[in-house]
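Each chain, letter by letter, is given below.
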Amino acid sequence: NTTHPIILPISNGENKFLNPNYLIFRGYMVTVAWLLAQFIHTVVPRIVSEFLIGVGSGSCQDLIQQRTTLPNGDTIWQNSPLVTAALEGKMAVLDGIHRIHPSTLAVIHRLTSDGADIDIQLHDGCRLIRHDRFDEIKSRYSLSDKQLNDSGVLRIHPAFRIVALAEPPVQGSFAGQWLSSEMLSLFLFHEMRPLGLKEEAHIIKSLYRKSLGSVMKLAHKLRESEDPVLQSLAGSLSTRQLLRIARRMSTYPTDSPSYCRSPSMSSKSLVKFLPTLARQALDNVLHEADISKTPLSTTDNVNICEVQGNTVRIGNTTAPRYQTSATSKVPDILFYDVPQHVSVLEWLLQDFSLGEHLLLVGNQGVGKNKLADRLLQLLNRPREYIQLHRDTTVQTLTLQPTVRDGVVVYEDSSLVQAVKYGHVLVVDEADKAPTHVTCILKVSNIQFIEKFMGNDSMKQICMYIQS
């Protein structure tokens, strides 16, 4: 063991960290992805939304093992990805560890201890012990690996590592002070500073050959402001959002972020939904950044919405239609081409063609479901539908109980079917479910579902509808 993290050169095709545990702040997903690309470790991601299942019910068992049911009705304990990573020598990524209750950290404390204290008791009676203790017991009593495993003693692979990802503590807030003395003893910490103006400009120009001078200056002014109202708006122009604006500009040059009412700016800052004070503060900084309020210019083709062979055209935007055999799941509705709706459909088509996940926000009855169905109808995309409510859990989001021949069986939910078959998932009333449930709809969580199901190559699109 060492007091500082050391990365050894490749030896026999395997990289090893002498000091195993790292906690990273800000921009961490890109860094972890690069780290995993450089080393042989296989990632087993563990999503915080599933951590919160046990925390919310007063139990932390889901962090170690989950209770599952066999086809014959028997219930068994199934190892969590964290335990699987420990047994197989993989790297476990704990994403968003700042959101979980401090008592939950006691579960992984024995996995991150130094010396011979690495030891954890599983719910099914098995025990995970450090690899050198396992080898010592094996040699002392002349036992085989199978004999020890059959007796419930399991060996933690020496290549097992943990990378925890978190946001920095919130100064002046008791609820945001998750960085306790117990947490300090679990990990080696690495803080990642936010990118500077020149660094972000270099990334955007290298990827998309575009310059977002005024918008980037506005973003950094919001981040560096001491006004809490302006600081709350800084997240709307994060590095990820700036990259999305640049990508949209490179594909659709007519969408200029120089106007705050352009699709790229209005969708990122959500000006219409800001409180009065925040909107006034944003108007002031927009004026100082020389970003105009000039409305979008209309063209003669804004009301065009038609299908020509294998191509769909909405306004001035065209896209290829999807070829599918699941025609029964493609929406077929009666839709009237209202100019305002056609304009929104064009924006949706542009973002959809860029591979973005979409969120429709609006009051009840404005036509969110109609717009979603119309877009899928024009694109000939099969749809899976799910409606959330306050009692929705992660289990009900992924499994659907059905009575068949008098027996309750669990089938794939609409979410899982969309992942398996590459259909579009329409999530209605997304704001009604608890936050830890909707967290599973994150892109990284969808990747977790794909890996858990063994369907890594399947690509899916998710569309969220919030009322």
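Above this note sits the structure.
Thresholds applied
Residues numbered from 1 in each chain as written. Predicted model: local features only at pLDDT ≥ 70, side-chain atom pairs only at ≥ 80, totals over all residues. Heavy atoms only, no water. Helix = DSSP H or I, 4+ residues; strand = E, 2+ residues; numbered from the N terminus. Buried < 20%, exposed > 50% of the residue type's maximum accessible area, 1.4 Å probe, protein only. Contact = heavy atoms within 4.5 Å. Areas by Shrake-Rupley, 256 points an atom, 1.4 Å probe, with all protein chains shown as cover. Pairing = 2+ DSSP bridges. Axes fitted to C-alpha atoms, helices over the stretch in contact; angles between N-to-C directions. Expected span 1.5 Å × (residues − 1). Parallel < 35°, antiparallel > 145°, perpendicular 65-115°, else oblique. Left-handed = near helix turned anticlockwise from the far one by under 90°. Nonpolar A, V, L, I, M, F, W, Y, C, P; charged D, E, K, R; others polar.

**Q** Explain the overall build of the protein chain to me, please; I cannot follow it from the model alone.
**A** When helices and strands are tallied, the protein chain shows 19 helices and 19 strands. The 467 residues of the protein chain split such that 42% are buried. Contacts in the protein chain between residues far apart in sequence, at least 24 positions, make up 67% of those at least 6 positions apart. Accessible surface computed for the protein chain: about 25200 Å², of which carbon and sulfur atoms make up 52%.

**Q** Please clarify how the sheet that holds strand β11 (residues 305-308) should be interpreted in this entry.
**A** To summarise the sheet geometry, strands pair through backbone hydrogen bonds and adopt either a parallel or an antiparallel arrangement. Ordered by their spatial adjacency, three strands build an open sheet running β11-β12-β13, and the pairing between neighbours is antiparallel. A strand with exactly one partner marks an edge of an open sheet, and here the two such strands are β11 and β13 (317-320). Averaged over all pairs of adjacent strands, the angle between strand axes in this sheet comes to 20°, irrespective of strand direction. As defined by bridge partners, strand β12 (residues 311-314) adjoins β13 across four bridges and the pair is classed as antiparallel.

**Q** What exactly am I supposed to notice about helix α15 (residues 368-379) here?
**A** Given a rise of 1.5 Å per residue, twelve residues ought to cover 16 Å, and the 17 Å separating the end C-alpha atoms of α15 matches this to within 8%. Among all positions of α15, only Lys-368, Leu-371, Ala-372, Asp-373, Arg-374, Leu-375, Leu-376, Gln-377, Leu-378 and Leu-379 are buried.

**Q** What is the right way to read the pairing of strand β5 (residues 91-95) from this model?
**A** Consecutive side chains of a regular strand alternate in pointing toward one face of the sheet and then the other. The buried count for β5 comes to five of five residues, which makes it a mostly enclosed element. Residue alternation in β5 divides its side chains into two sets, Met-91, Val-93 and Asp-95 and Ala-92 and Leu-94, and both sets are buried. By the bridge criterion, five bridges tie β5 to strand β9 (residues 161-166) in an arrangement that is parallel. Each bridged residue has a counterpart across the sheet, and for Ala-92 the counterpart in β9 is Ile-162.

**Q** I tried to follow the packing of helix α9 (residues 213-224) against helix α11 (residues 239-251) on my own but got confused; where do I start?
**A** Working note: a packed helix pair is described by the angle between its axes plus the distance between those axes. Remark: α9 packs on α11, axes separated minimally by 11 Å, with the N-to-C direction vectors making an angle of 165°. In terms of orientation, α9 and α11 fall into the roughly antiparallel class. Crossing of α9 over α11 shows right-handed handedness. Of the residues in α11, those touching α9 at Val-215, Met-216, Ala-219 and Arg-223 are Thr-239, Leu-242 and Ile-245. Here the contact of α9 with α11 is built from residues that sort into five nonpolar, one polar and one charged.

**Q** Looking at this structure, I do not really get the packing of helix α8 (residues 197-208) against α11. What am I missing?
**A** Two elements in contact, α8 and α11, have axes whose closest approach is 10 Å; the angle formed by their N-to-C orientations is 30°. Between α8 and α11, the angle is such that the two are roughly parallel. In the crossing of α8 with α11, the sense of the turn from one axis to the other is right-handed. Judged by residue contacts, Glu-200, Ile-203, Ile-204, Leu-207 and Tyr-208 of α8 engage Thr-239, Leu-242, Leu-243, Ala-246, Arg-247 and Ser-250 from α11. Its residues assigned to classes, the contact of α8 with α11 comprises seven nonpolar, two polar and two charged.

In short, geometric facts, not functional conclusions.
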